[in-house]
Amino acid sequence: MEIRIDNLTKKFGEVVGVEDLTLHIDDGEFVAFLGPSGCGKTTTLLTLAGIYKPTEGLIRFGERIVNQVQPKDRNIGMVFQSYALYPHMTVFQNIAYPLKLKKTPKNLQNESVRQVAGVMGIGDLLDRRPGQLSGGQQQRVALGRALVKEPDVLLFDEPLSNLDARLRLTMRGEIKHLQKNLGITSIYVTHDQVEAMTMADRIAVMSGGRLQAFDTPEELYDRPKTQFVAGFVGNPPMNFIDVNVSQSDGAYTAKTGSIRMTVPAARGAPAAEHAGAVVMGLRPEDIAIASEGEVAGEIFVVEPLGREDLIDVRVGEHSFILLANTESRHRAGERVALQFDMSQVQFFDPQSERSLLWRQ
Amino acid sequence: MARAELFASSKVKTDEIQPTLQEDFVEALKLAGISIVVLLVAAFFFSAVVGPFFALGSVEETVTDVLTRLALLILPYVAYISAASVARRYTFRATSRALGLAFSCAILIYALISAGHYLLDYGVFAPRPSLQMTLSQTDAGIRIDEVAPGGAAETAGMLPGDVITAIRRDPVDLAAFNKRLGQSELDAPLRLRFLRDGEEMQETARVVLVSDKELGVLLPGLAIVLVFTAIIVFLPGHWAPYIALVGLLFPLLIGYFWVIVATFSYRTKGLVPLDGNDNFGGFTLKNWESIFAGNIAGLEFNIWPILMTSMAIAVLMTFVVLLVSSMAGYALSRMDFPGRRFFLSFTLILHGFPAITLLIPIFIVLLRMGETPIIGDLIGFNTVGGIAMVMVAFQLPLGVWLMKGFFDNIPWDMERSALIDGASRFRAYWEILLPQIRPGLLALGIFAFIGGWNAYIIPATYSIGTGLSNLPVFLNELIDETAPVDWNQVAAVGLFQLIPIFIFFIFAQEYLLNIYAGGTKGSS
Ligand SMILES: Nc1ncnc2c1ncn2[C@@H]1O[C@H](COP(=O)(O)OP(=O)(O)O)[C@@H](O)[C@H]1O
Ligand SMILES: [Mg+2]
């Protein structure tokens with residue numbers, strides 16, 4: 001089912017939940033809504049589900065305008081962060097509930113529930129009550145309940161955030177696999193950018209009730225169109241410093257204080273055109289510690305992450321976050337030189353926070 | 001490793017610092033001393049601080065007096081318990097040590113307290129009404145063995161050898177005489193009839209208060225203290241809550257016991273059923289039979305319509321209160337509408353409104369409604385429906401608030417999930433939300449049912465001058481219109497009124513226990 005959202009605004013009295021959102025989702029696509037908490041992801045999802053009525057704008061499922069359609073008539077399945085299982089019903093009754101409401105014949109209900117439970121690996125738990133299940137099992141029941149009525153659209157509201165890290169990893173794979181197999185158009189809300197990057201075909205990045213970008217994970221990572229997207233996508237986040245970019249003899253240089261960096265012409269030219277200071281963005285993986293380098297600094301903190309060390313290097317008043325091999329055994333206070341891979345550098349307008357390289 | 005060390009060190013500690021008998025003794029006495037001081041301070045506080053404060057407002061009150069005496073009453077027992085609690089550590093490891101410790105402390109505390117009583121003329125040494133003579137029971141009457149020189153008896157002119165037969169005209173034996181004397185106040189005159197050398201005489205003696213300070217009276221007390229201490233030392237710890245519970249419930253249980261005994265007997269004295277000759281016995285079923293026969297001391301009635309009226313009020317009330325409260329509670333919890341806040345605060349005020357003040361306005365409303373065609377016969381004046389409606393109205397504010405609170409505790413997502421699964425709003429309410437608040441519905445239902453079943457003021461007011469009455473109204477009629485009131489009969493009607501409630505609880509019990517033992521597990 002194709003979903004088209006046009007100029008959607010939802011307000012709660014004075015509070016803006018989501019504002020002027022336009023988003024077209026293709027049939028069978030897996031879209032993630034990514035953004036910090038309070039940015040309007042849940043509001044958007046519940047408006048799609050029909051729980052909230054839009055203040056303004058249009059929502060279309062296929063050709064049908066669903067603004068005034070009741071949730072029960074939308075044929076959607078939803079998985080909540082809290083699972084929202086019905087505690088007084090057994091697992092079987094929970095999963096069968098949507099079918100019961102559809103007045104599916106008893107024997108078909110039975111068949112569908114057992115089949116879905118089999119797929120979700122909870123076939124032996126059907127007689128239990130939700131209170132007797134672990135978090136992971138409850139999650140599977142919730143997913144089964146959303147799937148059993150073969151919905152046109154699947155909605156997920158941070159479904160994995162109550163699980164432990166290992167289980168989250170497994171479920172992530174399972175959900176993605178299921179979605180691809182079934183081909184159900186899905187919207188997946190999360191504030192965890194790793195989840196969004198790994199699972200989604202396209203990611204809608206939101207902030208403050210507004211859509212910041214809507215693109216594939218690769219595009220968002222390599223060609224972020226706003227400073228917010230650049231900072232939110234990627235872990236650890238991109239380093240930002242204010243620089244002046246100038247050109248002499250066809251070579252472009254970014255300067256601030258004592259720091260001087262050579263920028264490739266393709267990226268330097270649009271930045272140099274901008275009058276005054278610009279914001280330069282460099283991902284941690286594009287910075288390396290070297291014996292010799294353009295910039296000298298001092299290690300402020302070393303945070304071991306296991307596979308790598310996260311190192312904060314101070315150069316003058318600027319701070320650069322970077323990743324280094326644990327074997328290099330850097331220590332706080334050490335004086336080091338930094339080498340930058342400027343081929344991936346990003347530039348943003350400090351006022352509008354838009355990219356100077358990639359225009360919308 | 002650190003853990004092992006910790007255990008090791010704690011073990012060493014208990015081995016090393018095994019307290020000596022002397023140290024235990026000191027600790028026990030210290031504890032007892034602290035409790036004594038605390039209770040003395042409390043007693044002082046009630047009598048010397050709180051009491052005068054109340055007196056300032058010229059409030060007639062006995063609470064502080066009772067509290068003071070209570071503190072002094074329990075003081076010795078708290079002291080024995082404190083001391084014995086130290087001994088309890090050894091109860092099962094070293095029984096003789098435990099008993100020795102507890103007994104020696106108890107004896108010491110008893111001695112101290114008794115000394116205090118002796119000096120302060122308190123407790124067993126408190127002054128008692130006395131005529132200052134020694135007596136013994138003989139066949140002829142109470143013989144005076146000795147008369148204290150200068151005492152009350154001598155002043156009255158009594159001599160050793162006199163045999164007392166009566167006080168005024170009432171014949172007495174020694175026990176009755178002592179009882180009468182014990183109840184007399186200082187200076188009360190007692191006119192004694194007695195035989196002196198076979199001749200009947202009478203003299204009036206005036207009661208004096210004397211504390212005889214005989215140490216012999218301490219021995220029974222000491223025995224009690226030692227038994228008490230031994231019980232404390234050996235009492236299994238987990239029994240304590242039950243003992244406290246039974247102790248607190250005792251007066252209540254006695255009351256129920258009396259009601260049950262009374263309904264099966266002609267008359268009772270205290271808890272003992274008596275026959276015509278004041279002997280134990282006199283059991284009968286007449287109190288119950290007359291309920292069903294429909295005639296008590298000339299008051300004619302038919303119990304079944306009365307029972308049905310009670311039942312109708314209670315059932316109607318339960319049903320309507322549950323229905324309206326749960327729906328209104330849902331709306332107040334889940335929907336936003338103009339006037340919601342006002343409605344919420346207004347119902348709270350209504351709940352605080354005393355029903356009595358509204359009796360007359362509602363009377364007028366019901367009268368008018370009774371004149372309305374059709375509905376007047378259902379909910380007007382002098383109808384069960386009218387009475388139930390008024391009772392419902394008084395119960396609703398509480399019910400609505402209670403239900404709103406219960407709905408507030410159900411996560412929104414549960415309901416949203418039901419809507420998305422394909423339920424209508426009403427179905428989500430009925431199939432998903434209501435089952436979550438079953439404990440609340442049950443509690444409110446029980447309140448409403450018992451409230452309706454026991455209702456008195458409203459049924460009595462709005463069914464004046466008709467045969468329509470429920471059990472409480474009938475019970476009151478019974479007391480009003482029979483003279484002399486046969487209280488055993490009243491008890492039988494009262495117990496009869498309780499029977500449906502008993503039956504209700506017997507059937508609901510399994511369900512009630514189930515709910516509170518985790519029936520709603522997993523709702524979080
Ligand atoms: N029912 C509501 N009533 C009022 N304000 C709400 C309601 N739901 C959400 N909001 C507000 O809308 C904004 C977006 O919330 P939400 O969509 O829940 O964010 P997210 O799911 O991205 O964390 C927040 O500021 C929140 O306070
Ligand atoms: Mg949310």
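Residues numbered from 1 in each chain as written. Chains lettered and ligands numbered in written order. Predicted model: local features only at pLDDT ≥ 70, side-chain atom pairs only at ≥ 80, totals over all residues. Heavy atoms only, no water.

Topic: the overall build of chain B
- For chain B, the helix and strand inventory stands at 20 helices and 12 strands.
- Computed over C-alpha atoms, the radius of gyration of chain B comes to 34 Å, more than 25% over the 24 Å expected from 2.2 N^0.38 for 524 residues, which places it beyond the range of a compact globule.
- For chain B, the C-alpha atoms occupy an extent of roughly 95 × 90 × 50 Å along the three principal directions.
- Within chain B, the fraction of its 524 residues that count as buried is 36%.
- When contacts within chain B are restricted to residue pairs at least 6 apart in sequence, long-range pairs at least 24 apart make up 63% of them.
- In the structure as shown, chain B presents an accessible area of about 30,300 Å², 68% of it carried by carbon and sulfur atoms.
- When the 33 positive and 42 negative side-chain charges of chain B are each reduced to one mean point, those points stand 9 Å apart. (Helix = DSSP H or I, 4+ residues; strand = E, 2+ residues; numbered from the N terminus. Rg over C-alpha atoms; globule rule 2.2 N^0.38 Å. Buried < 20%, exposed > 50% of the residue type's maximum accessible area, 1.4 Å probe, protein only. Contact = heavy atoms within 4.5 Å. Areas by Shrake-Rupley, 256 points an atom, 1.4 Å probe, with all protein chains shown as cover. Lys, Arg positive; Asp, Glu negative; His and termini not counted. Charge placed at Lys NZ, Arg CZ, Asp CG, Glu CD.)

Observations concerning helix 5 (residues 165-182) of chain A
- Over its 18 residues, helix 5 of chain A runs 26 Å from end to end, which matches the ideal 26 Å to within 8%, given 1.5 Å per residue.
- Looking at the packing, one finds that the buried side of helix 5 of chain A touches strand 3 (30-34), helix 3 (106-120), helix 4 (135-147), strand 7 (153-157), strand 8 (185-190) and helix 6 (193-199) of chain A. (Expected span 1.5 Å × (residues − 1).)

Let's talk about the domain arrangement of chain A
Residue and element names in this part refer to chain A.
- As assigned here, chain A comprises domain 1 (3-232) and domain 2 (239-348).
- Between the C-alpha centres of domain 1 and domain 2 there is a distance of 39 Å.
- Facing 8 residues of domain 1, the contacting portion of domain 2 comprises 6 residues.
- Inspection of the domain 1/domain 2 interface yields 0 salt bridges.
- Taken together, the connections running from domain 1 to domain 2 amount to 3 residue pairs in polar contact (both at pLDDT 80 or more).
- Residue composition of the side of domain 1 that touches domain 2, by class: 4 nonpolar, 3 polar and 1 charged. (Domains from an automatic or database assignment. Salt bridge = Lys/Arg side-chain N within 4 Å of Asp/Glu carboxyl O. Polar contact = N/O pair within 3.5 Å; in protein donor to acceptor, adjacent residues only side chain to side chain. Nonpolar A, V, L, I, M, F, W, Y, C, P; charged D, E, K, R; others polar.)

Comments concerning the site of ligand 1
Residue and element names in this part refer to chain A.
- As a structural note, the neighbourhood of ligand 1 is formed by Phe12, Val15, Gly17, Ser37, Gly38, Cys39, Gly40, Lys41, Thr42, Thr43 and Tyr52.
- Gly40 places a polar main-chain atom, nitrogen or oxygen, 3.1 Å from an oxygen atom of ligand 1.
- Contact between ligand 1 and Thr42: an oxygen atom at 2.5 Å from a side-chain N or O atom of the residue.
- Protein chains bury 62% of the 550 Å² of accessible surface belonging to ligand 1 in isolation.
- Put simply, the parts of the chain that give the shell around ligand 1 at least two residues each are strand 2 (15-25) and helix 1 (41-49).
- Tallied by class, the residues present in the shell around ligand 1 amount to 4 nonpolar, 6 polar and 1 charged. (Near = heavy atom within 4 Å.)

Concerning a nonpolar patch on the surface
Residue and element names in this part refer to chain B.
- Residues Leu245, Leu249, Leu252, Leu253, Tyr256, Leu498, Ile499, Phe502, Ile503, Ile506 and Phe507 make up a contiguous nonpolar surface patch of about 1,100 Å² in total accessible area.
- Put simply, the parts of the chain that give the nonpolar patch at least two residues each are helix 8 (240-263) and helix 20 (487-519).
- Sort the elements by how many residues they give to the nonpolar patch and helix 20 lands first, with 6 residues.
- Looking at the secondary structure, you find Leu249 in helix 8. (Patch = residues over 30% accessible without salt bridge, like charges linked within 9 Å, V, L, I, M, F, W, Y side chains within 5 Å.)

Some thoughts on the domain arrangement of chain B
- Entries for chain B in the domain assignment read domain 1 (2-125), domain 2 (128-210) and domain 3 (305-468).
- Placing the centre of domain 2 of chain B and that of domain 3 of chain B at their C-alpha centroids yields a distance of 69 Å.

Quick word on the packing of helix 16 (residues 425-436) of chain B against helix 17 (residues 438-453) of chain B
Residues and elements named next belong to chain B.
- Interaxial distance between helix 16 and helix 17 falls to 5 Å at its minimum, and their mutual angle equals 75°. As far as their axial angle goes, helix 17 and helix 16 are roughly perpendicular. For the pair helix 16 and helix 17, the contacting residues are Leu434, Pro435 and Gln436 in the first and Arg438, Pro439 and Leu441 in the second.
- Tallied by class, the residues present in the contact of helix 16 with helix 17 amount to 4 nonpolar, 1 polar and 1 charged. (Axes fitted to C-alpha atoms, helices over the stretch in contact; angles between N-to-C directions. Parallel < 35°, antiparallel > 145°, perpendicular 65-115°, else oblique.)

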